[in-house]
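Listed below are the residues making up each chain.
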Amino acid sequence: SAAYVERHRVFQLFEGLLQDLLVHKPVDPIGHLIQALQLPSVPRVIISGPPAAETRVQCEKLASQLKLVYVSGLDVWRDLVKEGSPTGLKAKALVDAGKEVTPEVQKQLMVEKLNSPECKRNGWVLDGFPTNASEAHALLSSGLLPTTFIYIKLSDEEAARRLTGRRVDQTANAVYHIDDAPATDPAVAARLVQRPDDMPEVVAERLASYHQAMCKVFPVFKSVLKEVDGSISQEDLSVAILPLVSSEMPSRAPRGCPRVVLLGGPGAQGEALVASLSASYGAVGVSARELLHTASLGSGAKAKKVTPYLRSGKPEETPDEIIAPLVIERLSKEDVRKRGFVLQGFPATAKQAQMLAKAGIWVRHAVLLEISPEDAKSRLTEARIDPVDGTEYHPAGMWPTDPLVQERLLPLHHCDEKTVSEAL
């Protein structure tokens with residue numbers, strides 16, 4: 001039952017449906033839930049940043065990568081006009097009269113667009129909205145909760161440098177930058193002008209206004225807020241943003257106990273990490289090597305089968321028919337069922353992973369501990385052990401200060417360079 005609930009995210013499912021009911025308060029709750037269950041789980045993303053953060057560029061890239069609907073707060077009325085929307089036509093009438101779209105109409109435009117079948121079916125990425133707390137709460141009250149809010153962080157100094165350095169060629173309608181993209185043609189450089197909005201005093205006002213407004217917006221979306229460094233290139237920024245995007249809301253649903261497998265080769269120090277994680281999360285630490293040692297201490301047939309592989313210094317070569325039952329038996333104990341586990345040293349092959357699955361042992365997280373062959377060799381061949389108390393040392397880490405201890409240190413058993421190279 002626990003595995004079923006976890007795999008099918010049952011708690012999260014009911015949590016999301018309950019939130020949806022409380023937001024929309026439909027007259028027909030059952031019918032509303034049936035419709036909600038038929039909708040796909042899609043990303044709903046807001047990207048925000050100070051002037052010069054190039055949020056539009058990132059929104060367009062993300063929309064292209066994930067096939068989302070790109071929605072611009074500045075242009076949304078044009079989209080709705082094409083669709084014959086009364087709200088869109090109302091906004092167009094204001095623009096044609098030389099007036100600004102009122103805040104109330106702007107909110108109506110956004111709610112209508114984001115509730116469109118296209119946005120519900122494909123998901124959306126939003127730029128230029130919300131720009132203040134009132135607009136943020138308008139989204140929430142309409143049930144339009146973003147699954148991810150990306151804040152492109154940029155220092156005021158960098159934003160000012162980008163903006164005040166811009167120059168415009170009004171003849172060719174091209175934009176240059178005195179540092180980042182200067183005009184190479186002297187004739188073009190001579191006719192470049194600085195826009196009034198890019199004057200230092202105006203830029204300072206724009207940045208101050210942005211910070212004053214957004215400091216009240218960010219708390220509204222704190223549960224889905226992700227911050228990225230906006231000083232990097234646009235290509236690197238796009239790479240950084242993509243893995244932050246989610247199609248699911250953060251959940252308060254109860255989580256089961258840890259069920260973690262640590263994967264890594266020689267030198268990855270998985271056994272040390274098992275002890276640390278087990279202590280931190282109250283889980284049972286299970287080491288395949290320790291299970292073999294425990295089995296070797298017995299006097300029966302099992303001990304006789306295990307002992308040769310331990311003595312050879314190659315416990316990883318223990319046949320599956322010996323090690324797999326030991327691991328599966330340990331993971332089936334009552335303490336593991338109640339507290340979960342952190343497993344290291346097994347599975348080491350696809351066949352062993354299949355044996356776990358066949359035995360009904362399901363894993364929530366598999367963590368790969370990566371280490372280069374060079375670092376692994378250094379970590380193992382240069383390590384030393386104190387034969388008196390069993391403490392391990394390494395020149396690059398912990399090393400004894402007592403000369404007597406230094407003199408009696410020995411290399412780790414079966415950790416010469418040839419053996420380590422073969423194991424890697």
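Scope of this entry: the structure provided in the associated data block. Everything numeric here is computed off the predicted structure, so don't read it as measured data. (Residues numbered from 1 in each chain as written. Predicted model: local features only at pLDDT ≥ 70, side-chain atom pairs only at ≥ 80, totals over all residues. Heavy atoms only, no water.)

Here the focus is the sheet that holds strand β8 (residues 259–263). The four strands are arranged β9-β10-β8-β11 in an open sheet whose pairing can be described as parallel. Edge positions in the sheet fall to β9 (284–287) and β11 (365–368), since each has one partner strand and no second. Pairwise comparison of adjacent strand axes, ignoring direction, gives a mean angle of 20° for this sheet. Note: β9 against strand β10 (residues 341–344), four bridges, orientation parallel. (Pairing = 2+ DSSP bridges. Helix = DSSP H or I, 4+ residues; strand = E, 2+ residues; numbered from the N terminus. Axes fitted to C-alpha atoms, helices over the stretch in contact; angles between N-to-C directions.)

Bringing unusual backbone geometry into the picture now. With omega at 0°, the peptide bond leading from F129 into P130 counts as cis. Between F346 and the following residue, P347, the backbone shows a cis peptide bond with an omega angle of 0°. In the Ramachandran plot, A52 falls in the positive-phi region, its phi being about 85° despite a non-glycine side chain. Among the structural elements, A52 can be located in the loop between β1 (44–48) and α4 (55–66). Of note, E54 is a non-glycine position whose phi angle comes to about 60°, a positive value. With respect to the element layout, E54 can be found in the loop between β1 and α4.

Quick look at the sheet that holds strand β12 (residues 384–385) now. Across the sheet, three strands lie side by side as β13-β12-β14; this open sheet has antiparallel pairing. Two strands in the sheet have a free side with no partner beyond their single neighbour: β13 (392–393) and β14 (410–411). Direction of pairing for β12 relative to β13: antiparallel, over a ladder of two bridges. Each bridged residue has a counterpart across the sheet, and for R384 the counterpart in β13 is Y393.

For E135, the position within the fold is in helix α9 (residues 133–141). Buried charge E135 goes without a salt bridge, the closest partner of opposite sign being K107 at 6.9 Å. Here the side chain of E135 touches T131 through a polar contact of 2.6 Å, landing on its backbone nitrogen. Beyond its immediate sequence surroundings of up to four residues, E135 is in contact with Q106, K107, F129 and P130. (Buried < 20%, exposed > 50% of the residue type's maximum accessible area, 1.4 Å probe, protein only. Lys, Arg positive; Asp, Glu negative; His and termini not counted. Salt bridge = Lys/Arg side-chain N within 4 Å of Asp/Glu carboxyl O. Polar contact = N/O pair within 3.5 Å; in protein donor to acceptor, adjacent residues only side chain to side chain. Contact = heavy atoms within 4.5 Å.)

Glancing now at the packing of helix α15 (residues 288–296) against helix α16 (residues 301–311). Taken N-terminus to C-terminus, the directions of α15 and α16 make an angle of 125°; their axes are 8 Å apart at the nearest point. Classified by the angle between their axes, α15 and α16 sit oblique to one another. The chirality of how α15 crosses α16 is left-handed. Residues L292, H293, A295 and S296 of α15 form the contact with α16, whose participating residues are K302, A303, V306, T307 and L310. The class makeup of the residues in the contact of α15 with α16 is five nonpolar, three polar and one charged. (Parallel < 35°, antiparallel > 145°, perpendicular 65-115°, else oblique. Left-handed = near helix turned anticlockwise from the far one by under 90°. Nonpolar A, V, L, I, M, F, W, Y, C, P; charged D, E, K, R; others polar.)

A word on the pattern of salt bridges. Applying the stated criterion across every chain, the model contains 19 salt bridges. Linking R161 and D180 is a salt bridge whose minimum nitrogen-to-oxygen distance equals 3.0 Å. Of this pair, R161 sits in helix α10 (residues 156–164) while D180 sits in the loop between β6 (174–177) and α11 (186–191); the two residues are 19 residues apart in sequence, bridging distant segments of the chain. For R330, the salt bridge identified is with D335, shortest N-O distance 2.8 Å. A residue is classified by how much of its surface remains accessible, and D335, at 26% relative accessible area, is partly exposed. Counted as one network, the salt bridges with shared partners bring together E158, R161, R162, D179 and D180.

Turning our attention to the packing of aromatic side chains. Throughout the structure, instances matching the rule amount to three aromatic pairs. On the numbers, 5.9 Å between centres and 85° between planes, the contact of F149 with F218 is edge-to-face. With F149 in strand β4 (residues 148–153) and F218 in the loop between α12 (200–214) and β7 (225–229), the pair connects residues that are 69 residues apart, well separated along the chain. For F149, a relative accessible area of 0% gives the class buried. Overall, the relative accessible area of 17% leaves F218 in the buried class. (Phe/Tyr/Trp six-rings, centres within 6.5 Å; stacked < 30°, edge-to-face > 60°.)

Before going further, it helps to spend a moment on a nonpolar patch on the surface. Residues L13, F14 and L37 make up a contiguous nonpolar surface patch of about 310 Å² in total accessible area. Checked against the element boundaries, L13 lands in helix α2 (residues 10–24). Owing to a relative accessible area of 40%, L13 belongs among the partly exposed residues under this scheme. (Patch = residues over 30% accessible without salt bridge, like charges linked within 9 Å, V, L, I, M, F, W, Y side chains within 5 Å. Areas by Shrake-Rupley, 256 points an atom, 1.4 Å probe, with all protein chains shown as cover.)

Once that is clear, we can look at the nonpolar core. Of all hydrophobic cores here, the largest spans 27 residues; its most connected members are V71, L114, W124, L126, L139, F149 and F221. Secondary-structure elements contributing two or more residues to this core are β2 (69–72), α5 (76–82), α6 (86–96), α7 (103–114), β3 (124–127), α9, β4 and α12. For this core, the element with the highest residue contribution is α7, accounting for four residues. Here L114 is in contact with V71, C119, K120, W124, L126, L139 and L144, once residues within four sequence places are set aside. Counting residues in hydrophobic clusters, the runner-up holds 22 residues, among them V286, A295, V306 and L310. (Core = buried A, V, L, I, M, F, W, Y, C linked by side-chain atoms within 4.5 Å.)

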